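A look at the structure
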Amino acid sequence: MSGREQQYIAEVFASNWVAPVGPQLTRFEEQFARYLGLPYAAAVASGTAALHLALRCLDLSAGDEVLCSTFTFCASANPIVYEGARPVFLDSERTSWNMDPQLLEEELAACAKRGQLPKAVVVVDILGQSADMDAINQIAARYELPVMEDAAEALGATYRGRQVGTDCWASIFSFNGNKIITTSGGGMLCSTDETLIRRAVSLATQARDPVPYYQHSTIGYNYRLSNVLAAVGLAQLEVLDQRVAARRRVNQVYRQRLGGLPGIGFAPEAPFGRANCWLSVIQVDPARSGTTSEQIRLALEAENIEARAVWKPLHRQPVFAGCRYRGGGVADELFQTCLCLPSGSALTDDDLERVIQVVRALVGRNPA
Ligand SMILES: *Cc1c(COP(=O)(O)O)cnc(C)c1O
């Protein structure tokens, strides 16, 4: 927390707007939209809920296909299934580790040939870095497909000088406890499409018809963000740029202290954007480093330091067995060789040095 959260929560309590509606909620949406440079934002209970609402507003039918990045968290694809549609997974490019525009083009050409186009694209900005949105939008536009950007991890990152989540039909952000700013749990749906946002807010509040009693003509959800949590979000938004700077500094320190080691690489920063460095990730070449990402993880764990593997690709998840996949082995290779190092914005120099010493002690000891 940044310090202002309790003050803003106290204001909520004083006004008694302890509900999923209130001035803080409205202000959080306005300030968030202003930060991005978009006209509309709707605050909801989670990033997953935000993506679900966007997909629901596409009025999908059972069996429709939606293209989705494979190198991501399950929440990017789960709402596709909530809507009775089928995800089709696309591999990453090496430049950004995000959806490969060339694979998108190939898949859409193949779908067009079969006469069965997907209904939408969910492109993910993984680990805090934008996908190549211009390339993806150009290809999707040729087939008139709406593009949804899952920017849950990437708030504060930019693409060609613009904030992520501003180059698409709809974008979603997450304020889960592990993200760059948090409301403990929460999310935002953003768009330039006023109709989408109005409909999404209605669906998020049980889809009440505009009459002075309870009448419902469609099935809705209870997805709105609490006004108490919006107050937390307002305080967090004030320090977002500081959080990005802190995460980028952590990344810089790891690069300086580990970058020269044999067989240790870093997640690339694509030339088209500026990452928020939500997670700092190393890639370990076993032949040159004499160790593996799993050995490093275990050595860190022995020092009571938690590190984790990167996302296991969704096309490898048991729950998505049977879903179509197009790609080579980029996401598979990343899963096998990468490790997320401690990346929090509150890490001290001493914390970082402890991590660095464990990695340095392992790497290059037994080069092949
Ligand atoms: C965290 C995350 C989500 C889901 O956000 P929640 O707020 O936890 O529902 C979706 N996509 C990605 C890529 C995420 O990292």
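Each remark here, short or long, concerns the structure printed above.
Let us look at the structure shown here. (Residues numbered from 1 in each chain as written. Predicted model: local features only at pLDDT ≥ 70, side-chain atom pairs only at ≥ 80, totals over all residues. Heavy atoms only, no water.)

1. Describing the overall build of the protein chain
- Of regular secondary structure, the protein chain possesses 13 helices and 15 strands.
- Against the 2.2 N^0.38 benchmark of 21 Å for 368 residues, the protein chain shows a C-alpha radius of gyration of 21 Å, consistent with a compact globule.
- Each principal axis of the C-alpha distribution contributes one length, and for the protein chain these read about 75 × 60 × 35 Å.
- Taking all 368 residues of the protein chain together, 53% fall into the buried category.
- Long-range contacts, defined here as pairs at least 24 residues apart, represent 71% of the contacts in the protein chain between residues at least 6 apart.
- As displayed, the protein chain offers around 15900 Å² of accessible surface, 50% of which is attributable to carbon and sulfur atoms.
- Side chains of the protein chain give 34 positive and 39 negative charges; the mean places of these two sets differ by 1 Å. (Helix = DSSP H or I, 4+ residues; strand = E, 2+ residues; numbered from the N terminus. Rg over C-alpha atoms; globule rule 2.2 N^0.38 Å. Buried < 20%, exposed > 50% of the residue type's maximum accessible area, 1.4 Å probe, protein only. Contact = heavy atoms within 4.5 Å. Areas by Shrake-Rupley, 256 points an atom, 1.4 Å probe, with all protein chains shown as cover. Lys, Arg positive; Asp, Glu negative; His and termini not counted. Charge placed at Lys NZ, Arg CZ, Asp CG, Glu CD.)

2. Remarks on the packing of helix H11 (residues 293–302) against helix H13 (residues 349–362)
- At a minimum axis distance of 10 Å, the contact between H11 and H13 shows a crossing angle of 130 degrees. For the element pair H11 / H13, the angle class is oblique. The chirality of how H11 crosses H13 is right-handed. Listed contacts from H13 to Gln-295, Ile-296, Ala-299 and Leu-300 of H11 are Val-355, Val-358, Val-359 and Leu-362. (Axes fitted to C-alpha atoms, helices over the stretch in contact; angles between N-to-C directions. Parallel < 35°, antiparallel > 145°, perpendicular 65-115°, else oblique. Left-handed = near helix turned anticlockwise from the far one by under 90°.)

3. What about the side chain of Glu-107?
- Its place among the elements puts Glu-107 in helix H5 (residues 101–114).
- A residue is classified by how much of its surface remains accessible, and Glu-107, at 3% relative accessible area, is buried.
- If near-sequence neighbours (up to four positions away) are discounted, Glu-107 is found in contact with Leu-67, Val-88, Leu-90, Arg-114, Arg-324 and Arg-326.

4. Thoughts on the sheet that holds strand E15 (residues 338–341)
- If you walk across this open sheet you meet the 4 strands as E10-E12-E15-E13, and the pairing is antiparallel. Each edge of the open sheet carries a strand with a single partner, namely strand E10 (264–266) and strand E13 (308–309).
- Sheet analysis places strand E12 (residues 280–284) next to E15, joined by 4 bridges and oriented antiparallel. Counted as the bridge partner of Val-281 is Cys-340 from E15.
- Of the strands in this sheet, E10, E12 and E15 are in contact with helix H9 (residues 240–258), which crosses E10 at around 155 degrees. (Pairing = 2+ DSSP bridges.)

5. Some remarks on the site of the ligand
- Neighbouring residues of the ligand: 15 residues in total, closest Thr-48, Asp-150, Glu-153, Ser-174 and Lys-179.
- One of the backbone nitrogen or oxygen atoms of Gly-47 is found 2.8 Å away from an oxygen atom of the ligand.
- A distance of 2.7 Å separates a nitrogen atom of the ligand from a polar side-chain atom of Asp-150.
- When the ligand is considered free in solution it has 380 Å² of accessible area, and contact with the protein chains removes 93% of it.
- Across the shell around the ligand, the residue classes tally to 4 nonpolar, 8 polar and 3 charged. (Near = heavy atom within 4 Å. Polar contact = N/O pair within 3.5 Å; in protein donor to acceptor, adjacent residues only side chain to side chain. Nonpolar A, V, L, I, M, F, W, Y, C, P; charged D, E, K, R; others polar.)

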